[in-house]
Amino acid sequence: MTRSIRETRRGRRSKPHFTTPFSLPQLGASMIPGEEIIYLDNNATTQLDPAVIEEMLPFLTNFYGNPSSGYMFGRQVRQAIDLARERVAALLGCDPGEIVFTSCGTESNNAAVNSALQLDPNRRHVVTTAVEHSATRVHCETVSKRGGSVTVVGVNAEGHLDLDELERAITPQTAIVTVMWANNETGVLFPVEKIAEIARRKRVWFHTDAIQTVGKIPIRLADMTINSLALSAHKLHGPKGVGALYVNKRSAFKPLLIGGSQENSRRAGTENVASIVALGKAAECAAAALAEENSRVRAMRDRFENGVLERVPDTFVNGDRAERLPNTSNLSFAGIESDAALIMFDRDRLCCSAGSACRTGSIEASHVLRAMNVPPERARASMRFSFGRFNTEKDVDKALEIIPAAISKLRAMSAASAKPEPATV
Ligand code: PLP
C-alpha cells in the first residue's frame, strides 16, 4: 500500500490520497485509487501526522537497539524515549518522570484502577459514571464479578454529573474514583478539576480517562489534584497501540505488568520504541496546534452542525452544546436508524460513527444516550461526527450535501415501508 500526503492550498496537509491500489485484493476492490474520503470520525482514530511518521521511521530501521542496553547504540534509543517523555509531559503540564508509556489507552485505564485496588486490599469499591468508555465500564464490571463493588453515578439529559451524588457515592472503602474527562460519543466535558478536589478531600485516588481530551483542550496537571490520567496516541494523530499513563509523583503506584524494571518499574516489558517516539512527536504537534483545535476546528464543527440543523428538519443535538469538546457533534435524525444512515453515508465515502465505533454493528442504542434518558428511537437515530485538524472546509461543504440528501432518502424509504398494503379482495 503506497500513500502520498497532499499539501492543500493553505499548506496544511490534507487527508491521505491513494496513488496506487491496495495490494490486498479484498481492500483494493473497495477503494478507487485517488478517491478521497470525507473523514469525520476523528474520535474513533486520527490520521497519522506526516511529521510523526518521519520521526518514528528511523526507530523501525536503523535504531533498533534495546533502550535498556548499556552501550551507545542502546543509549541513543533511551534518549529518544526520554525526549518523547518530555514532550508528552509538556503537553500535559507535568513532570516527565510522571509519564509511564503503555500499549494503549485501555491499558492505561486498567492500570490505574488495578493499582488503586492493589494499594489497599481493604478498599474494594470503585466509583465511576454511567457514560464511561468500555475500557473503564467493562473493567469495572469485572471488578464487581471478582468480589469488588462499583457505584455508577448517572448523568442528566445534557450529559452532566451531579457532583453531590458523586461525593455521596464515596465511602471509606472506596479505592478509586474514575471519571472520563470528555465523553467520546457526545464530547460533553466533565468538571474533572472539581471532581479531583472532592476525591482529594475524601482521600481517594482520582483517575481520569482523558483519551478524547488530550490535544483538544489545554491541560495543566501541575495545577490539579488528579492522581492519574490516561491518554492514547491514535486520538492525537499518532499511531495505534501506544498510550501513556500520567501518575502523580506523590501517588504510590502498583504496576499492572510485572517483570523488568522498564518505565521506572511502573510498566514491565521492552518499550515499543518507534511508537513511543511517535507519541512524543504527536504530543509536540498537538501542543503547537492546540489554538487551532480550539478555533478553526471548532468553527468547522459549528458550521457543520448549524448547517445540518438548518437543512434537515427534526434533527437534535445530543449533549450540552456549550460544555463539550470543540470537535464533536452528536446528532439524532428523527425517523431513521443510524446503522442504515451509516451505510448510506459510506456510499458517498463519508466516515462517521453510529454512537461509538466499538458498538458499530450492534443494534443496541448507545449506553451514553440511554444514560442521558434520550428516548430509544432518538438514541438509535444518533450519529457522531468528529473533526480534526486535517479536515478542511471542503469536507464540511461535501458533508452538507451528502447528509441532507441521505436522510431525506432514508425517511422517504421508511415512510413508504410504513404505508399499509392496499387491502386485497
Ligand atoms: N477511552 C475513551 C474515552 C476512548 O474514546 C477510547 C477509544 O476509543 C478508549 C478509552 C480506548 O483507547 P485505546 O483504543 O487506545 O485502547
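Whatever comes next refers back to the structure up there.
Here the structure is a predicted model, which is why all the values come from computation and not from measurement.

1. Considerations on the nonpolar core
- Ranked by internal contacts, the top residues of the largest apolar core, which has 67 residues, are Leu92, Trp181, Ile226 and Leu229.
- If we skip the residues at most four places from it in the chain, Leu229 touches Leu92, Trp181, His207, Thr208, Ala210, Val214, Leu221, Ala244, Leu245 and Tyr246.
- With 30 residues, the next largest nonpolar core counts Val297, Phe333, Ala381 and Phe387 among its residues.

2. Observations regarding empty space enclosed by the protein
- Scanning the entire structure with this criterion turns up 2 cavities of 30 Å³ or more.
- In this structure, the largest cavity encloses a volume near 80 Å³.
- Considering the residues around the largest cavity, the lining is formed by 13 residues, among which Lys216, Lys235, Leu236, His237 and Glu293 are closest to the centre.
- For the lining of the largest cavity, the per-class residue count stands at 4 nonpolar, 5 polar and 4 charged.
- Counted as a void, the second largest cavity has a volume near 40 Å³.
- Forming the walls of the second largest cavity are Val100, Thr102, Glu107, Ala111, Leu245, Phe253, Pro255, Leu256, Leu257, Arg266 and Arg267.
- Those elements giving two or more residues to the lining of the second largest cavity turn out to be strand E4 (99–102) and helix H4 (105–119).
- Its residues assigned to classes, the lining of the second largest cavity shows 7 nonpolar, 1 polar and 3 charged.

3. Topic: the pairing of strand E10 (residues 243–247)
- In terms of residue burial, E10 counts as a mostly covered element, since 5 of its 5 residues are buried.
- Here E10 shows two buried faces, one formed by Gly243, Leu245 and Val247 and the other by Ala244 and Tyr246.
- Pairing of E4 with E10 involves 4 bridges; the strand directions are antiparallel. Directly across from Phe101, in E10, lies its bridge partner Ala244.

4. Remarks on the sheet that holds strand E11 (residues 315–317)
- Spatial ordering of the open sheet is given by E11-E12-E14, a layout of 3 strands whose pairing is antiparallel. In this open sheet, the two strands that pair with only one neighbour each are E11 and strand E14 (382–386). Strand-to-strand twist across the sheet, computed as the mean angle between neighbouring axes with direction ignored, equals 30°.
- Here strand E12 (residues 328–333) pairs with E14 via 5 bridges, running antiparallel. Residue pairing across strands places Ser329 opposite Phe385, the latter belonging to E14.

5. A word on the site of the ligand
- Neighbouring the ligand are 14 residues, the closest being Thr106, Asp209, Gln212, Ser232 and Lys235.
- Within the backbone of Gly105, an N or O atom sits 2.8 Å from an oxygen atom of the ligand.
- Here an oxygen atom of the ligand and a side-chain polar atom of His133 are 3.3 Å apart.
- Taken by itself the ligand offers 400 Å² of open surface, and the protein chains cover 88% of this.
- The dominant element in the shell around the ligand, judged by the number of residues it contributes, is H4, at 3 residues.

6. Here we look at the side chain of Asn109
- With respect to the secondary-structure elements, Asn109 resides in helix H4.
- Among all residues touching Asn109, those that are not within four sequence positions of it are Ala135, Thr136, His207, Asp209, Ile211 and Ala230.

7. Let's talk about helix H7 (residues 192–201)
- For H7, every residue scored as buried is listed here: Val192, Ile195, Ala196, Ile198 and Ala199. Buried residues in H7, looked at end-on, bunch into an arc of 160°, giving them a common side. Residues Lys194 and Arg201 are exposed on H7 and point more than 90 degrees away from its buried face.
- Summarising the contacts, the buried residues of H7 are in contact with helix H6 (163–169), strand E7 (174–178) and strand E8 (205–209).
- Of the residues trailing H7, Arg203 is marked for its positive phi of about 60°.

Definitions and cut-offs
- Residues numbered from 1 in each chain as written.
- Predicted model: local features only at pLDDT ≥ 70, side-chain atom pairs only at ≥ 80, totals over all residues.
- Heavy atoms only, no water.
- Core = buried A, V, L, I, M, F, W, Y, C linked by side-chain atoms within 4.5 Å.
- Buried < 20%, exposed > 50% of the residue type's maximum accessible area, 1.4 Å probe, protein only.
- Contact = heavy atoms within 4.5 Å.
- 1 Å grid on protein atoms, 1.4 Å probe; cavity = no way out; pocket = protein on both sides within 12 Å on 5 of 7 lines; lining within 4 Å.
- Points joined across faces, edges and corners; volume = space filled by probe spheres on them.
- Nonpolar A, V, L, I, M, F, W, Y, C, P; charged D, E, K, R; others polar.
- Helix = DSSP H or I, 4+ residues; strand = E, 2+ residues; numbered from the N terminus.
- Pairing = 2+ DSSP bridges.
- Axes fitted to C-alpha atoms, helices over the stretch in contact; angles between N-to-C directions.
- Near = heavy atom within 4 Å.
- Polar contact = N/O pair within 3.5 Å; in protein donor to acceptor, adjacent residues only side chain to side chain.
- Areas by Shrake-Rupley, 256 points an atom, 1.4 Å probe, with all protein chains shown as cover.
- Arc of directions from axis to C-beta.

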